[in-house]
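Residues per chain, in single letters:
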Amino acid sequence: MFNKYLSFIRRVSVTGLGKGGVILTTSSFITLVILELARMLGLVTNAYVGLVTYLLFPFLFVVGLLLIPLGWYQLRKKTGLSTRRLLEEKFGPDETRGSLTGSRLFRFITLLTVINVFFLVAISTQMLGFMDSAYFCGTACHSVMNPEWVTYQQSPHARVRCVQCHVGEGAEALIDSKLNGLWQIISVTFNLYERPIPTPVRQLRPARETCEKCHWPEKFYGSRLMTRYNYQSDEESSLLYTTLNLKIDAGKAGAKAGIHWHIGQENEVRYTSVGDRREMMLRVEARRPDGRYHRYYNRNATAHSAEDVVERSMDCVDCHNRATHIYEEPERAVDDRIKRGLLDLSLPYLKREALAAITRNYTDSTEAYDGIAQSLRNFYMRNYPELEREKTTIIDSAVMVLRDIYSRNIHRSMNIGWDTYASHIGHKGNTGCFRCHNPALVDSAGAAISYDCTLCHSILADNHKEPFQFLEPAETGDRDYQRHRYLKDEFLNSFKK
Amino acid sequence: MNNKVRYIGWLFTLIISFCSNIFGDDLIAGKCLTCHKEMSPGLYQQWYNSAHAAMDISCIDCHQAQKGEADAFMHEGALIATLVTPQDCGQCHSDEAEQVQMSYHATAGEILESQDAYLAHVAGGEPAAIQGCESCHGAKVKIDPSSPNKLSPKSWPNSGIGRINPDGSKGSCNACHTRHTFSVAQARQPEACSKCHLGPDHPQREVYEESKHGNAYYTHIKDMNLEADRWIAGMDYFEAPTCTSCHMSATVSLPVTHDVGQRLSWTLRPPISVHKDNWQQKRANMLTVCSGCHSASFANGHYYQFDAVVELYNEKFAKPATEIMNLVIKNNLLENPASFSNEIEWVYWELWHHEGRRMRHGASMMGPDYTWWHGAYDVAHNFYFKFIPEAQKYGNAEVNTYIDNLIKNDPMHSWLVTATENLKKDIRSGEMQKIYRKMFEQR
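The model shown is predicted, which means the values in this text are computed figures rather than measured ones.

A. Representation of the overall build of chain B within the structure. Summing up its helical and strand segments, chain B has 21 helices and four strands in all. Its C-alpha atoms give chain B principal-axis dimensions of about 95 × 55 × 50 Å. Looking at chain B residue by residue over its 443 residues, the buried ones come to 34%. At a minimum sequence separation of 6, the contacts of chain B that also span at least 24 residues come to 56%.

Written as structure tokens, this is what we have:
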């Protein structure tokens, strides 16, 4: 059988083009099989091989197959003979005897085609599977997707595949995503993509369909303690705590509603905002138990053209807009590394100097890597020369950690710097919660949506050396006595029914 | 018996409600501070550093409103008002609030009828009047139900010294006691007053800076003991007085007053200066300040010189100019009907309202340059070479006769038609000075 296959292969190769096709197909096939076997046996673990196995070789395999009939077409043109004549000449009369569909040659070609089809189906399935993997999304368009890939890998959703949020289920979503992918190939090839790539707010699957697979609203959320470690810019980088008790309940089972009230099943919040940024609210409305909507209008809103205005119902991503592709704020990033013990606090002014080193204006990562090292080393060399000699390794490792912070968050080639993507979780300035909860959004009676601090969280420490500052007894004579008493009281009462 | 029970019950209820009120207030206050520390941290920090914070006086104590008040609104569960008026401050600072109500400062908001306000509205326009005039003088605070804090943005913010408040009170304590630190040191420094008291029409700030007093103050600012509870010039500090030292602060024999006119013997504001009511007492009040540092002859000598300048201004320029202006009006010589639509009105205005005041203020606070170059010199130049020629242009017999007579027969003005040599001789011999002898012979 193998001999027969070999002789078939020899004979089917006509003209240079056809021969090339045969070589391409055969070699792709063999390599593919070897690679797949190696992967199955665990000999190859590098996921990057998937790009070659499932994309490059199947492609070459099909191209080769197409070249074979092309060779035959060329030959017929050149000789001016009929196909049957040529077949007889190449394969001999035994193979071509009988009707066209009844000949041995035809049956053999049919057999090989069936094998090819099976092979292609198998490999396409593998290919689709591979293209569903986060690895494919993150690395196929390396330069474009790198920022998202880097942040994703370090996110709470690192074990959820990209397509689970970005591509819907079913054939339609699959086709949609592949067509979209085609456009992405074109835009990458011809350098048409935007830098930074805009957040895909419109293309994202509805949060109700994705997020709620794992985070279903009936889940009892209760409240959650959150402590922020704020290292100061003094010599010791002293630690102050901000502790909040986040009231995140959805308000089910008779519990007091908290922040997740917004997505509670009996509630609906709709808003009209300007553009896809969803930052400037024009109108916000909440459904009341009687089904009517209570509306708030932004009294500071300026006129906008109709196409700029987007209306939608609020869901997870309106607050959790950076649940996965989380870019850190520089100060938080440094605080986090100190807290995790990655930066050694025996270095004086570490917080201040680390922050300064990573936030200078570097044009690319090479300059940044050099700059970070220089900035930190020079500071200690100039101000603490002895310490610089003693603690060279500690300083070096701090430099490495800072470079890592930089490369995780800053991607100059994609125009991503500090603060490129606003996070809507919490509030900083007038972002996040304060987009709606602010004095400008008022109802017809002039009442604003509440923006009271303790509406969403109790405050147990406010940048203080004690993590539970306000749970300590309030002392009369302390200038903050009233605030202290109020916050303690508020926290304790927040658990009452 | 029944009455007794009722009375005890009533007393009990009162005590309970009083206690719960204090308890409730504390918690409300804490809530205000919690959010405002985040939303307006600078404001919180100012308060935190204030004497109010040390005494447990916080947001709600001053901003709490009563039901029915025009500017009251619900804010996060509390009925409050943005505007804090002298009536609110007076809950604790009752003497000060009372004095303010009686002061000339408190009337500053009633300027709508004045020439100044007229000019700002016609020659300028409302926006300039709001940010200009009313910023110092005080607005009549208007209520706007659609505004988040019920205050019309045309009259809020406003911290003019004579603000007319919806509760009927006049003034704004924070015109001088800047919120929310309410630092006593800040109010005692000349900068507190010179937010308004400066510029071409009343350069008190510039005069003070030029004077020995100002000079010494800026040199010795660190020795001024500005934070002291008791602050008497000559006792608690001695290098220099500030505006408040003389006009308001306690003296060796007088208590502090927030009625700023109580030590002023002249009004230097109008076209022709006059003594104020009860001026001798007021001058005596001022002399108690001077005596903290100066001998009686020194202080009296100052008044001797100062009074003469005021008289000189009155007699030589203000009265004749006013008389000429009256003749122009009486004879219907003004071409355009509206006030200030004729050049001569602007010239006359600047003569007394700008230059004339500079001359008088310069003398009152020992500012030589303001007495002469910015003052008397400008007055004379304006009087002789702008005002009189402007009046003569009308060619009116009565006006011209008055002017001719003035220049020919009034020894103060006849220098205009005398030879320089003779004038210089008179100056050297003292004859010229004799013309002004009467200026020193006033009451």
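B. Spatial organisation of the overall build of chain A. Along chain A, the regular secondary structure elements total 18 helices and eight strands. Relative to a compact globule of 497 residues, whose C-alpha radius of gyration would be 23 Å, chain A shows 32 Å and is clearly more extended. The dimensions of chain A, computed from C-alpha atoms along their principal axes, are 110 × 75 × 45 Å. Counting over 497 residues, chain A shows a buried share of 22%. In chain A, once contacts between residues fewer than 6 apart in sequence are set aside, the share between residues at least 24 apart is 60%.

C. Molecular detail of unusual backbone geometry. Note that the residue after Arg195 of chain A, namely Pro196 of chain A, is joined by a cis bond; omega there is -5 degrees. Within the secondary structure layout, Pro196 of chain A lies in the loop between helix H10 (171–189) and helix H11 (211–214). Omega for the bond connecting Trp156 of chain B with Pro157 of chain B falls within 30 degrees of zero, at 5 degrees, which places this linkage in the cis form. Its location among the elements puts Pro157 of chain B in the loop between helix H9 (133–137) and helix H10 (184–188). The phi dihedral of Arg278 of chain A falls on the positive side, at around 55 degrees, and the residue is not glycine. Here Arg278 of chain A lies in the loop between strand S3 (269–274) and strand S4 (281–287). You will see that Met366 of chain B, though not glycine, has its phi angle at about 60 degrees, which is positive. Summarising the element assignment, Met366 of chain B is placed in the loop between helix H17 (343–364) and helix H18 (368–392). In this structure Met366 of chain B comes out as partly exposed when scored by C-beta crowding, with 18 C-beta atoms within 10 Å.

D. Here's a closer look at the sheet that holds strand S1 (residues 223–231) of chain A. Residue and element names in this part refer to chain A. One open sheet accounts for three strands, arranged S1-S2-S8; its pairing is antiparallel. At either end of the open sheet lies a strand with only one pairing partner, and these are S1 and strand S8 (457–464). Sheet twist, expressed as the mean angle between neighbouring strand axes with direction ignored, is 10 degrees. By the bridge criterion, nine bridges tie S1 to strand S2 (residues 239–247) in an arrangement that is antiparallel. Its bridge partner being in S2, Tyr229 is matched across the sheet by Tyr241. The strands touched by helix H18 (residues 481–493) within the sheet are S2 and S8, with S8 carrying the most contacts at an inclination of about 140 degrees.

E. Quick look at the sheet that holds strand S6 (residues 309–313) of chain A. Residues and elements named next belong to chain A. Judged by pairing direction, the sheet is antiparallel, and its five strands sit side by side in the order S6-S3-S4-S5-S7 without closing on themselves. In this open sheet, the two strands that pair with only one neighbour each are S6 and strand S7 (441–442). Where S3 and S6 come together, five bridges link them in antiparallel fashion. Along S6, the bridge assignment pairs Val274 with Val309.

F. View of the domain arrangement of chain A. Domain boundaries assigned for chain A yield domain 1 (2–132), domain 2 (136–197), domain 3 (223–323 + 424–493) and domain 4 (330–414). One C-alpha centre belongs to domain 1 of chain A, the other to domain 4 of chain A, and the line joining them spans 57 Å.

G. Structural view of the pairing of S3 of chain A. Residue and element names in this part refer to chain A. In the sheet, S3 pairs with S4 via five bridges, with the strands oriented antiparallel. Across the sheet, the residue bridging to Arg270 is Glu285, located in S4. Hairpin connection between S3 and S4: a loop of six residues separates the two successive antiparallel strands, and Gly275 in this loop has a positive phi of roughly 65 degrees.

H. Seen up close, the domain arrangement of chain B. Annotation of chain B at the domain level lists domain 1 (2–80), domain 2 (82–182) and domain 3 (296–441). Using C-alpha coordinates to define each centre, domain 2 of chain B is positioned 36 Å away from domain 3 of chain B.

I. Main features of the confidence of the model for chain B. Of the residues in chain B, 94% have a pLDDT of 70 or more, and the chain-wide mean is 93. Predicted complex, confidence summary: ipTM 0.71, pTM 0.76.

J. Inspection of the packing of helix H14 (residues 350–359) of chain A against helix H17 (residues 392–409) of chain A at higher detail. Residue and element names in this part refer to chain A. Running from amino to carboxyl end, H14 crosses H17 at an angle of 45 degrees, the nearest separation of the two axes being 10 Å. The angle between H14 and H17 places the two elements in the oblique class. The handedness of the crossing between H14 and H17 comes out as right-handed. Taking contact as the criterion, the partners of Ala354, Ala357 and Ile358 in H14 are, on H17, Ala398, Leu402, Ile405 and Tyr406.

K. Examining the nonpolar core more closely. Residue and element names in this part refer to chain B. Of all hydrophobic cores here, the largest spans 25 residues; its most connected members are Tyr313, Ala321 and Ala391. For this core, the secondary-structure elements that each account for two or more residues are helix H16 (296–330), H17, H18 and helix H19 (397–409). The biggest single contributor to this core is H16, with eleven residues.

L. Inspection of the packing of H16 of chain B against H19 of chain B at higher detail. Residue and element names in this part refer to chain B. Look at H16 against H19: their axes get within 9 Å of each other, and the N-to-C directions meet at 165 degrees. By the angle class used here, H16 and H19 are roughly antiparallel. Here the hand of the crossing between H16 and H19 comes out right-handed. Residues Pro320, Glu323, Ile324, Leu327 and Val328 of H16 touch H19, and the partners they reach there are Glu398, Val399, Tyr402, Ile403 and Leu406. When grouped by side-chain class, the residues that make up the contact of H16 with H19 number eight nonpolar, no polar and two charged.

M. Region of the structure containing the pairing of S4 of chain A. Residues and elements named next belong to chain A. Judged from the five bridges that link them, S4 and strand S5 (residues 293–298) form a sheet pairing that is antiparallel. By the bridge assignment, Arg287 is partnered in S5 with Tyr293. The antiparallel hairpin formed by S4 and S5 contains five residues in its connecting segment, where Gly291 sits at a positive phi of about 90 degrees.

N. The arrangement of the interface of chain B and chain A in detail. In this assembly, 17 residues from chain B lie in contact with 15 residues from chain A. Looking at the side of chain B that touches chain A, the elements with two or more residues in it are helix H1 (2–39) and helix H3 (51–54) of chain B. Sort the elements by how many residues they give to the side of chain B that touches chain A and H1 of chain B lands first, with nine residues. The residue makeup of the side of chain B that touches chain A, split by class, is eight nonpolar, four polar and five charged.

O. Broad picture of H16 of chain B. Residue and element names in this part refer to chain B. The end-to-end C-alpha separation of H16 is 48 Å, in line with the 51 Å expected for 35 residues at 1.5 Å each. Residue Asn314 marks the point of greatest curvature in H16, where the axis turns by about 40 degrees. One or two positions beyond H16, positive phi appears at Asn332, with a value near 55 degrees.

P. How the structure looks around the environment of Phe182 of chain B. Residue and element names in this part refer to chain B. Note that Phe182 resides in the loop between H9 and H10. Placed 210 residues apart in sequence, Phe182 and Gln392 show a C-alpha to C-alpha distance of 55 Å. Setting aside its immediate chain neighbours within four residues, Phe182 contacts Ser50, Ala51, His52 and His177.

Q. Structural context of the environment of Asn331 of chain B. Residue and element names in this part refer to chain B. One can find Asn331 in the loop between H16 and H17. When the C-alpha positions of Asn331 and Asn396 are compared, they lie 8.1 Å apart, and in sequence the two are 65 residues distant. When sequence neighbours within four positions are dropped, the list of residues in contact with Asn331 reads Asn396, Glu398 and Val399.

Quick notes on the rules
- Residues numbered from 1 in each chain as written.
- Chains lettered and ligands numbered in written order.
- Predicted model: local features only at pLDDT ≥ 70, side-chain atom pairs only at ≥ 80, totals over all residues.
- Helix = DSSP H or I, 4+ residues; strand = E, 2+ residues; numbered from the N terminus.
- Buried ≥ 20, exposed ≤ 12 C-beta atoms within 10 Å, placed from the backbone.
- Contact = placed C-beta atoms within 7 Å.
- Rg over C-alpha atoms; globule rule 2.2 N^0.38 Å.
- Pairing = 2+ DSSP bridges.
- Axes fitted to C-alpha atoms, helices over the stretch in contact; angles between N-to-C directions.
- Domains from an automatic or database assignment.
- pLDDT = per-residue confidence, 0-100.
- Parallel < 35°, antiparallel > 145°, perpendicular 65-115°, else oblique.
- Left-handed = near helix turned anticlockwise from the far one by under 90°.
- Core = buried A, V, L, I, M, F, W, Y, C linked by C-beta atoms within 7 Å.
- Nonpolar A, V, L, I, M, F, W, Y, C, P; charged D, E, K, R; others polar.
- Expected span 1.5 Å × (residues − 1).
- Bend = angle between axes of the 7 residues up to and from the residue.

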